[in-house]
Amino acid sequence: MIQPLTDEKPYTLTPGSDGLIETQTLEVSIGPQHPSTHGVFRMDCVLDGETVVALKPVMGYLHRNHEQLAEKMVWLGSMPYTDRLDYFNSMTNNWAYALAVEKLAGIKVPERAEYIRVIMSELTRLLNHTCVIGFMLQDLGAWGTPLLYAFREREKILDLFEAVSGSRMMCNYMRFGGVRVNLTDQDLVVAKDIVSRYPGFLDEFEKLLTSNEVLLARTQRVGILPKELAINASISGPVARASGVEYDVRKVDKYGVYGRFDFRVPVGDIGDVYDRYYIRVLEMRESLKILQQALRDIPQGPHIAPEVKLRNFKVPPGDGYGRIEAPKGELGFYLVSEEGGGKQPYRYHVRPPSFVNLTTLEDMCLGHKVADVVIVLGSIDIVLGEVDR
Amino acid sequence: MGFIGKGLFEGMIVTARNFVGSYFDKERMVTVQYPEERVQVPENSRTFPFLVFDDDKDPAGTMRCVACKICETDCPPQCIYIVMDRDEKGKPLQRPKAFDIDISVCMQCQICVEVCPFDAIKMDNDYEKSQYGRFDELVEHLPQLLKSNEYYNRIKPTEATGVDAKLKADKEKKAKKAAPATAVKPAAPVPKPVAPAAPKPAAAAVPAARIAIPEDAPFTPEQRQWLSGFLSGVGGSGTGVAPATALPAPTGEATAPVAEAAAPADAAPAAEAPAGGWPWHDPGLGMQQRLDLAKDTPLADKLMAAMAQTDCHACGYDCRGYADAIANGAESDLSLCLPGEAETANMLKKLMEGAGKT
């Protein structure tokens, strides 16, 4: 006679009250080395059959003490470390940190540097969104093809980044009061070439994806994030905009020279995975518009404020919060400079968009199949370097 | 809307076009067969730092590094380790005895290159650094780090040309400055000065081409005074006023608070050298020799003599500026001289105590 495994809830084939087979809930740990978790991230899912009934994100596997390190270092010293937060978008990370310090120290950035920053960060947005779509499709099971198309285009932008800043991904390009090296005319020609060719690639990419029946079936009405929840959980970036929250730091703050460009903020209405995919496509088209205007209007002049010292740079006491619209959402740096010190930050805090957006993962996944968890996670667009810091 | 599966079909066409296109269209054929084919890396591309030397015949003798330790201090992941070379008497030789970079720690951020005042450390673009070991093999020592200026010119032509031009201009300026000096003071490395040097060798004005500021030039008296001091420093001609105005804090303790109020903490202007240069401003001299030369001079000069004389700006000033800033109270930290190490810090403390300031 076969004995049941546990006394409390014996495994049985007797039908339950609803006429279906009664089942046990099962706790499954996805990650931290699972390829679909985009890094070292773990999800503790409680499954009833294949349906998710509870999900707990477990973070901290990639914690590297970024904030504490920065508090022990001169201001410039943590600039290369910000590259490693969201390692897809080092240019925007640099900008957010430089912006916070500039606010605190009252540094005026030259005109050309502002334009260079806009060009670099919009190119970053292009490559981030392209790759995110590629990764999301990879999570759906479209192994390789869309992702490698995305990588092919991304590589062209990274080549430009390498030619300008010296490194493909760890750019370390922005400095307090400007950027490290000026853009040459040759670089501008390359940037213009990328911008002129990108719409063609986007059209092709969309033909591959946007009306694909498999993609529609897997993404529509999956992982809905209601507008109220998005606001209450302070979600930002494309995830919030897909849920209908019209909020873009570029429009709200008009930091840098964003006030001068003519562009629109696409907003979704349902807030499902498909909306989050499509909002990124639309955002890329708007980024291209900004890039065209920036490349047309970029003035001549110095690329860095001459009064900023590289060494022995001191920041007057006070606190400041600099934020930008990074490709993943609102990226902010909160910095405190101490009275009588000023050589290094007294407090250094990062507000990472990936981390905040990840907090609503459970709400989006409840009631869906475990296979959908993976694409919901993919559609939030996280980078674990930024989540754990 | 079309038939069911139209989206899928269109997607298939895109894939097919990419697949077939990759045989004909270079745009779609992006893979590079690496060990056989190589992509030309851009000029700005960076991997790990190396040290530049000028003459192929004598790499160790002509390296630009003076072991000032700025890069060691500023390196964010702290991957640089420097020991200054000294002769048997303990006199610093202004070159590194050991210079190690742990490339398994280095994060290729280029900050060492940016902060180096001597253009001695530059970024390589050699990306083939694989080794058979994980520990000692990944620490680069001085012989591996030293690479010629010619190599630097080859990998980064634009940047290197600019650096060469700048160094040449600096050298010419220095030579111009030093030219009248030889007439006044004995050749630099002579260990014993014949007599205690005059407090202001510059005061013995050297007859030289005099750069006069026209009477009708639109300057305020302060600007005029500063300019004449500046010109005397650059052109090597003494106008008489220059050395006196160049030193913000003359001698007496009583004037110190006034000077402190006058000198902003961060923007201490670099004082110009008197025409002959300061006799102790020579990194080849030992600490005692430098102090002997500055024996009967004001406190600021003595403080300056205690420094390493490399003008490396590690403290945020040149040697003159740091001494002045300490003397007039604008700078209270006595341990900022990196190349001078503990020797300078201790001597500065001693001098300040001797002068009754703590």
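Our subject is the structure that appears above.
Scoring rules and cut-offs
- Residues numbered from 1 in each chain as written.
- Chains lettered and ligands numbered in written order.
- Predicted model: local features only at pLDDT ≥ 70, side-chain atom pairs only at ≥ 80, totals over all residues.
- Heavy atoms only, no water.
- Helix = DSSP H or I, 4+ residues; strand = E, 2+ residues; numbered from the N terminus.
- Rg over C-alpha atoms; globule rule 2.2 N^0.38 Å.
- Contact = heavy atoms within 4.5 Å.
- Lys, Arg positive; Asp, Glu negative; His and termini not counted.
- Charge placed at Lys NZ, Arg CZ, Asp CG, Glu CD.
- Buried < 20%, exposed > 50% of the residue type's maximum accessible area, 1.4 Å probe, protein only.
- Areas by Shrake-Rupley, 256 points an atom, 1.4 Å probe, with all protein chains shown as cover.
- Core = buried A, V, L, I, M, F, W, Y, C linked by side-chain atoms within 4.5 Å.
- 1 Å grid on protein atoms, 1.4 Å probe; cavity = no way out; pocket = protein on both sides within 12 Å on 5 of 7 lines; lining within 4 Å.
- Points joined across faces, edges and corners; volume = space filled by probe spheres on them.
- Salt bridge = Lys/Arg side-chain N within 4 Å of Asp/Glu carboxyl O.
- Polar contact = N/O pair within 3.5 Å; in protein donor to acceptor, adjacent residues only side chain to side chain.

**Some remarks on the overall build of chain A**
Phase 1 of the analysis: Across its full length, chain A holds 15 helices and eight strands.
Phase 2 of the analysis: For 389 residues, the compact-globule estimate of 2.2 N^0.38 gives 21 Å, and the C-alpha radius of gyration of chain A, at 23 Å, lies within 12% of that figure.
Phase 3 of the analysis: Its C-alpha atoms give chain A principal-axis dimensions of roughly 85 × 50 × 35 Å.
Phase 4 of the analysis: Taking as baseline every contact in chain A between residues at least 6 positions apart, the subset at least 24 positions apart corresponds to 72%.
Phase 5 of the analysis: Here chain A contributes 44 positively and 51 negatively charged side chains, and the mean placements of these two sets differ by 7 Å.

**A short note on the overall build of chain B**
Phase 1 of the analysis: Secondary structure summary: chain B contains 13 helices and six strands in total.
Phase 2 of the analysis: The proportion of buried residues among the 358 residues of chain B is 44%.
Phase 3 of the analysis: As displayed, chain B has an accessible area near 19,600 Å², and 60% of this comes from carbon and sulfur atoms.

**Thoughts on unusual backbone geometry**
Phase 1 of the analysis: The phi dihedral of N65 of chain A falls on the positive side, at around 65 degrees, and the residue is not glycine.
Phase 2 of the analysis: Phi at D119 of chain B is positive, roughly 50 degrees, even though this residue is not glycine.

**Notes on the nonpolar core**
Phase 1 of the analysis: Y173, F176 and L361 of chain A together with F99 of chain B are the most contacted members of the largest nonpolar core, which totals 148 residues.
Phase 2 of the analysis: Element by element, the count of residues in this core is highest for helix α4 (residues 111-140) of chain A, at 13 residues.
Phase 3 of the analysis: Not counting residues up to four positions away in its chain, the partners in contact with F99 of chain B are L51, C65, C71, I80, Y81, I82, I121, E140, H141, L142 and L145 of chain B.
Phase 4 of the analysis: By size, the runner-up hydrophobic cluster in this structure holds 30 residues, among which are L299, C315, A323 and A327 of chain B.

**A look at empty space enclosed by the protein**
All names here are of chain B.
Phase 1 of the analysis: Scanning all chains against the criterion turns up seven cavities of 30 Å³ or more.
Phase 2 of the analysis: Its volume calculated, the largest cavity comes out at about 100 Å³.
Phase 3 of the analysis: Contributing to the lining of the largest cavity are 16 residues, with C65, C68, C71, C116 and A120 lying nearest its centre.

**Quick look at the interface of chain A and chain B**
Phase 1 of the analysis: Taken residue by residue, the interface counts 35 residues in chain A and 35 residues in chain B.
Phase 2 of the analysis: Applying the counting rule to chain A against chain B returns one salt bridge.
Phase 3 of the analysis: Residue E114 of chain B is joined to R175 of chain A by a salt bridge in which the shortest nitrogen-to-oxygen separation is 2.8 Å.
Phase 4 of the analysis: Here chain A and chain B share 16 residue pairs in polar contact (both at pLDDT 80 or more) between them.
Phase 5 of the analysis: Counting residues per element, the ones that place at least two in the side of chain A that touches chain B are α2 (79-83), α5 (145-165), α6 (185-209) and α7 (213-219) of chain A.
Phase 6 of the analysis: By residue number, the principal contributor to the side of chain A that touches chain B is α5 of chain A, which donates eight residues.

**Observations regarding helix α12 (residues 319-327) of chain B**
All names here are of chain B.
Phase 1 of the analysis: Within α12, nine of the nine residues are buried, which leaves the element mostly enclosed by the surrounding structure.
Phase 2 of the analysis: Burial in α12 covers these residues: C319, R320, G321, Y322, A323, D324, A325, I326 and A327.
Phase 3 of the analysis: Count one or two residues on from α12 and you reach G329, which has phi positive near 85 degrees.

**Topic: the environment of V181 of chain A**
All names here are of chain A.
Phase 1 of the analysis: As for its position among the elements, V181 is in the loop between β5 (178-179) and α6.
Phase 2 of the analysis: Considered as a pair, V181 and S165 are 16 residues apart in the sequence and their alpha carbons are 7.1 Å apart.
Phase 3 of the analysis: The contacts of V181, once residues within four sequence positions are left out, are V164, Y173 and H303.

**Some details on the pattern of salt bridges**
Residues and elements named next belong to chain A.
Phase 1 of the analysis: Under the criterion given, the structure shown has 40 salt bridges over all chains.
Phase 2 of the analysis: Between D83 and R84 there is a salt bridge, and its shortest N-O distance comes to 3.8 Å.
Phase 3 of the analysis: You can call D83 buried: its relative accessible area is 0%.
Phase 4 of the analysis: The partner of E102 in a salt bridge is R117, and the shortest N-O contact between them spans 2.8 Å.

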